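Overview (structure and organization)
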Amino acid sequence: MKKKLLCLFFILSALQLVAQQKTFWLHGMLRDSSNVVKDVHIINLNTAKGTFSSDYGRYRIVVSVGDTLEFTSVQHETVKKVITDPIAFSKKLNVVLKKKTYVLDEIVLKKHDLTGNLSTDRKKTPKDTIAQIVRNMENNIVELAKKSTEKRDPTERGMAATTLRNTDPTRSFKGFGSSIRIGFKDKEKEKLRKITSNTFTAQNVLKEIGKDLFLELKIPEGSIYDFIDFCVPFKIQELYKQRKFLQMTEVFKEKSVLFLRELKD
């Protein structure tokens, strides 16, 4: 009887050890007190493999019982979770992240000469630098025109005076400050657009590659973002930043079979 109990104990221990070493796909959703959180870095500290949460806060990563997952975000506190048997049974782990609080340095207000009257205080504040430069340019052009007229003979001076009255030398400079500001805003918008389009997210990848490719690979439309996250460990983020979309397409074709198999299981 004792031998049978001992054998049973060893068998159960072996089964438990095998269960702990078995890997599986863990999925879940990340959110904070107000909304879902995207671009959270999830890394398995035991295997050193990681992924990112999608635009909808969803993630998917390979784990086993006993592994530790670390969730990091710029705007949230770092969270660590150990994979336990109940988590392995449900294969799902939702995490609520806590937003970081920043303590600002103390601000010391200095005395000023402002009275609180807008019309009075406006005269004391510095004028727009660009507008002042334009006015100075206009004044210099007018002065140069006058000096050039004074140096000519009387006959030419009369003709120059007529030309000066009929032609406003500053007309071409009107709106100069506005054009500079508009050009500056356009450059800032273009710069922001490039930064946004170059940011690696599942949504941007879908815009660049197109939905048709994923449908041809038989990826369900509702699982396209999960499939993109699934391919992150296969260097598609670096390929996206280098704008190597052809190589990204090859990775998607190669890994689609594995993803569909895991999705089916």
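Residues numbered from 1 in each chain as written. Predicted model: local features only at pLDDT ≥ 70, side-chain atom pairs only at ≥ 80, totals over all residues. Heavy atoms only, no water.

Scanning the protein chain for helices and strands turns up 11 helices and 7 strands. Scored against the burial criterion, the 265 residues of the protein chain give a buried share of 27%. Of the contacts made within the protein chain by residues no fewer than 6 positions apart, 57% connect residues no fewer than 24 positions apart. Surface accessibility of the protein chain: about 19500 Å² in total, with carbon and sulfur atoms responsible for 57%. (Helix = DSSP H or I, 4+ residues; strand = E, 2+ residues; numbered from the N terminus. Buried < 20%, exposed > 50% of the residue type's maximum accessible area, 1.4 Å probe, protein only. Contact = heavy atoms within 4.5 Å. Areas by Shrake-Rupley, 256 points an atom, 1.4 Å probe, with all protein chains shown as cover.)

Strand order in the open sheet made by the 4 strands is 3-2-5-6, with antiparallel pairing throughout. Looking along the sheet, the strands with just one partner apiece sit at the ends: strand 3 (49-52) and strand 6 (76-82). Each strand of the sheet is rotated relative to its neighbour by a mean of 15°, with strand direction disregarded. Examined bridge by bridge, strand 2 (residues 41-44) and strand 3 share 4 bridges and lie antiparallel to one another. Among the inter-strand pairings, His 41 is bridged to a residue of strand 3, identified as Phe 52. (Pairing = 2+ DSSP bridges. Axes fitted to C-alpha atoms, helices over the stretch in contact; angles between N-to-C directions.)

This brings us to the confidence of the model for the protein chain. For the protein chain, per-residue confidence averages 77 on the pLDDT scale, and residues scoring 70 or more make up 61% of the total. Here residues 156-167 is modelled with pLDDT under 50, and outside its nearest four sequence neighbours on either side it reaches 8 contacts, counting other chains as well. (pLDDT = per-residue confidence, 0-100.)

A full pass over the atoms with the stated rule returns 4 salt bridges. Note that Arg 243 is salt-bridged to Glu 208, the shortest N-O span being 3.0 Å. Of the two residues, Arg 243 sits in the loop between helix 10 (236-241) and helix 11 (245-264) while Glu 208 sits in helix 7 (residues 202-209), which places them 35 residues apart along the sequence. Residue Arg 243 is classed as partly exposed on the basis of its relative accessible area of 34%. Among the residues examined, Glu 208 registers a relative accessible area of 34% and is labelled partly exposed. (Salt bridge = Lys/Arg side-chain N within 4 Å of Asp/Glu carboxyl O.)

As a further point, take the nonpolar core. Counting residues in each nonpolar core, the largest one holds 24 residues, and the members touching the most others are Val 205, Phe 214, Phe 227, Ile 236 and Phe 252. Those elements giving two or more residues to this core turn out to be helix 7, helix 8 (211-216), helix 9 (224-230), helix 10 and helix 11. Take this core: its biggest share by element is 5 residues, from helix 9. Aside from chain neighbours lying at most four places away, what touches Val 205 is Phe 200, Gly 210, Ile 228, Tyr 240, Met 248 and Phe 252. With 19 residues, the next largest nonpolar core counts Ile 61, Val 63, Ile 83 and Ile 87 among its residues. (Core = buried A, V, L, I, M, F, W, Y, C linked by side-chain atoms within 4.5 Å.)

On to the side chain of Thr 51, then. Note that Thr 51 resides in strand 3. Overall, Thr 51 belongs to the buried group, its relative accessible area being 2%. Only 3.4 Å separates the side chain of Thr 51 from the backbone oxygen of Asp 229, close enough to count as a polar contact. When sequence neighbours within four positions are dropped, the list of residues in contact with Thr 51 reads Val 40, His 41, Ile 42, Arg 60, Ile 61, Asp 229 and Val 232. (Polar contact = N/O pair within 3.5 Å; in protein donor to acceptor, adjacent residues only side chain to side chain.)

A few words on unusual backbone geometry. Unlike most non-glycine residues, Ala 48 shows phi in positive territory, near 65°. Note that Ala 48 resides in the loop between strand 2 and strand 3. Ala 48 sits in the exposed class, given a relative accessible area of 61%. One non-glycine residue, Lys 235, adopts positive backbone phi at about 70°. In this structure, Lys 235 sits in the loop between helix 9 and helix 10.

The subject of this paragraph is the sheet that holds strand 7 (residues 95-96). Judged by pairing direction, the sheet is mixed, and its 3 strands sit side by side in the order 4-1-7 without closing on themselves. Strands with a single pairing partner mark the edges of an open sheet, and in this sheet they are strand 4 (58-64) and strand 7. Relative to strand 4, strand 1 (residues 23-31) runs antiparallel, the two being bridged by 7 bridges. Within strand 4, the position partnered with Phe 24 by the bridge is Val 63.

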